Amino acid sequence: MWPEGKGFAVAFTFDFDAEEGIIGDDPANADRPGVLSQGTYGAKVAVPLLLELLAAKGVTATFFIPGRVAERHPARVEAIVAAGHEIAHHGYTHTSPTSLSREDEDLELAKGLEVLRSFGTEVIGYRSPAWDFSANTEDLLEQHGFVYSSNFMDDLRPYRREGTTLVELPIQWILDDAAHFWFDADSWDKKISTAEEVRAIWEGELRGYRRLGGAFVLTMHPQIIGRPYRLELLDGFIDHVLAMPDVWIASCRDIAETVT
């Protein structure tokens with residue numbers, strides 16, 4: 001499956017949700033600039049820092065972007081594309097497909113594609129804002145010509161979804177920065193992990209993916225991983241990955257193309 005001399009794959013992926021992730025959770029947040037500022041940080045500060053770090057390491061990543069984020073922050077998407085990274089679909093709004101009618105979900109896909117394609121790049125990947133599908137999602141993805149999905153947690157290796165043309169690049173909550181770092185402002189009872197704790201978890205999982213020949217798909221959010229302390233975590237983790245001679249670091253697009 002992997003290129004000659006490589007035993008496993010690693011994809012660095014970013015869900016660039018900005019303000020839209022917060023609005024998607026509750027549309028009333030659209031009128032709360034203080035709450036939205038958490039997402040604004042992702043676009044204003046974190047994306048440039050992440051692009052600088054990725055360039056310094058020579059790493060190509062995949063950015064999953066809601067259409068509205070691209071409309072709100074076009075200069076950031078232009079910078080992502082100019083740096084050679086892949087952009088992929090993450091809804092038009094950051095709304096779970098499970099809450100949409102077939103017609104509305106179809107419209108979400110179409111509008112998101114239109115916006116992202118306006119940046120002059122092919123868009124072939126989809127990650128649901130909820131990491132979940134409705135009864136219509138799979139069929140709609142095929143109708144819109146998507147090549148791969150990155151939404152399910154049922155394997156360590158990419159595979160072709162049964163009865164479809166879609167390739168699945170599995171993800172997992174343990175490999176998502178939000179699961180470890182997101183602050184629950186409603187309850188104030190969720191512990192925020194230290195970078196050292198998360199690095200130990202990610203490195204442990206990485207050893208397993210390496211041993212089993214899997215595709216390690218790391219999911220991050222600019223407003224979360226892009227804090228100074230956590231950027232140090234990502235910097236060191238990338239170095240740890242790069243030191244492995246049998247690793248293939250690739251975009252989701254490139255990994256999907258290995259599945260026959």
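Residues numbered from 1 in each chain as written. Predicted model: local features only at pLDDT ≥ 70, side-chain atom pairs only at ≥ 80, totals over all residues. Heavy atoms only, no water.

Novice: Would you explain the overall build of the protein in this entry?
Specialist: Assigned secondary structure in the protein consists of eleven helices and nine strands. Radius of gyration (C-alpha) of the protein: 17 Å, near the 18 Å computed for a compact globule of 260 residues. Along the first, second and third principal axes, the C-alpha set of the protein runs to 50 × 45 × 35 Å. Taken across its 260 residues, the protein has 53% of its residues classed as buried. In the protein, the share of contacts with a sequence separation of at least 24, taken over all contacts with a separation of at least 6, comes to 70%. If you average the places of the 23 positive and of the 42 negative side-chain charges in the protein, the two averages end up 5 Å apart. (Helix = DSSP H or I, 4+ residues; strand = E, 2+ residues; numbered from the N terminus. Rg over C-alpha atoms; globule rule 2.2 N^0.38 Å. Buried < 20%, exposed > 50% of the residue type's maximum accessible area, 1.4 Å probe, protein only. Contact = heavy atoms within 4.5 Å. Lys, Arg positive; Asp, Glu negative; His and termini not counted. Charge placed at Lys NZ, Arg CZ, Asp CG, Glu CD.)

Novice: Explain the packing of helix H2 (residues 33-57) against helix H4 (residues 74-82) here, please?
Specialist: Describing two packed helices takes the angle between their axes plus the distance from one axis to the other. One way to put it is that H2 packs onto H4 with a least axis distance of 11 Å and a crossing angle of 5 degrees. Considering the angle they form, H2 stands roughly parallel to H4. Facing Ala43, Lys44, Val47, Pro48 and Leu51 of H2, the residues of H4 in contact are Arg76, Ala79 and Ile80. (Axes fitted to C-alpha atoms, helices over the stretch in contact; angles between N-to-C directions. Parallel < 35°, antiparallel > 145°, perpendicular 65-115°, else oblique.)

Novice: Teacher, can you tell me more about the packing of helix H1 (residues 18-25) against H2 here?
Specialist: For the pair H1 and H2, the least separation of the axes is 6 Å and the interaxial angle reads 140 degrees. The orientation of H1 relative to H2 falls into the category oblique. Of the residues in H2, those in contact with Ala18, Glu19, Ile22 and Ile23 of H1 are Val35, Leu36, Gln38, Gly39 and Thr40. Of the residues in the contact of H1 with H2, the class split is five nonpolar, three polar and one charged. (Nonpolar A, V, L, I, M, F, W, Y, C, P; charged D, E, K, R; others polar.)

Novice: It is not clear to me how the nonpolar core should be interpreted in this structure. Could you clarify?
Specialist: Buried together is how nonpolar side chains tend to be arranged in soluble globular proteins. Phe12, Phe14, Ile65, Trp202 and Leu234 are the most contacted members of the largest nonpolar core, which totals 55 residues. Residues Ala9, Leu169, Trp248 and Ala250 belong to the second largest nonpolar core, which totals 19 residues. (Core = buried A, V, L, I, M, F, W, Y, C linked by side-chain atoms within 4.5 Å.)

Novice: It is not clear to me how the environment of serine 37 should be interpreted in this structure. Could you clarify?
Specialist: By secondary structure assignment, the location of serine 37 is in helix H2. Serine 37 gets classed as partly exposed once you look at its relative accessible area, which sits at 39%. As a C-alpha pair, serine 37 and alanine 18 span 19 residues in sequence and 8.7 Å in three-dimensional space. Of the polar contacts made by the side chain of serine 37, one reaches the backbone oxygen of glycine 34; its length is 2.5 Å. (Polar contact = N/O pair within 3.5 Å; in protein donor to acceptor, adjacent residues only side chain to side chain.)

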